[in-house]
Amino acid sequence: QVQLQESGPGLVKPSETLSLTCTVSGASLTSPSGHRYYWNWLRQSPEKGLEWIGYIARNGKTYIHPLLNDRAFISRDTAKNQFTLQLHSITPDDTAVYYCAGGNDFGRESRGDYDYWSPGTQVTVSS
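Residues numbered from 1 in each chain as written. Predicted model: local features only at pLDDT ≥ 70, side-chain atom pairs only at ≥ 80, totals over all residues. Heavy atoms only, no water.

1. Observations regarding the packing of aromatic side chains
Using the following cut-off: By convention, a stacked pair of Phe, Tyr or Trp rings (six-membered ring in the case of Trp) has centres within 6.5 Å and planes under 30 degrees apart, an edge-to-face pair has planes over 60 apart, and any other such pair is tilted. Buried means the residue's accessible area, taken with a 1.4 Å probe over protein chains only, is under 20% of the maximum for its type, while exposed means over 50%, and partly exposed covers the values in between.
Tallied over the entire structure, the rule returns twelve aromatic pairs. A centroid spacing of 5.7 Å and a plane angle of 80 degrees characterise the contact between Tyr114 and Trp117, whose relative ring orientation is edge-to-face. A relative accessible area of 17% places Trp117 in the buried class. Aromatic ring contacts, followed pair by pair, group Tyr38, Trp52, Tyr55, Tyr63 and Phe106 into a single cluster.

See the structure below:
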C-alpha cells in the first residue's frame, strides 16, 4: 500500500522560506527506472482552487510551474525516500493546503489525475 505523508511548519512568516517534506512508503522514488512516474507538489486555497507546483521524476529531473520557477525548488533524499519542496520569499498569497501526490502525469489540477495523495497540510503565511 502506497502512502504519502507531508511534514513541515504550519505557520510561516512573510519573506521566509517554506520547506515541506513528503515521505513515501510502499513505493520507491527512483524505480522502476524505465517507467515514467512523477512525484508532485500541489496546493489548494479557496481563492485559487487546486494549483500544481512542480514535480521530481524517477530520474531526478525536476520541473516547476513557470509562475513559481523563480521561487520553488524540489529535491529528494533517495536514502529516506523523501522529496522536498522549498518555496522562497513566501507571501500571504502562498497560504494554502499543500499536498504531495504521485502519478503517471504531471501539471494537472484535479485530484483524479494522480494515483496517490498525502492528507494535506495547512500552511499559513502571517507575521
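2. Things to note about the state of the cysteines
Definition in use: We call a pair of cysteine sulfur atoms a disulfide whenever their separation is within 2.5 Å. In this description a helix means any DSSP run of H or I spanning at least four residues, a strand means any run of E spanning at least two, and both kinds are numbered starting from the N terminus.
In total, this model carries one disulfide according to the counting rule given. The disulfide partner of Cys22 is Cys100, and the gap between their sulfur atoms is 2.1 Å. Negative torsions about the S-S bond denote left-handed disulfides, and the value of about 75 degrees found for Cys22 with Cys100 makes this one right-handed. Note that Cys22 is positioned in strand S3 (residues 18-25) and Cys100 in strand S9 (residues 96-103), a separation of 78 residues in sequence. Pair check on accessibility: Cys22 and Cys100 agree, each one buried.

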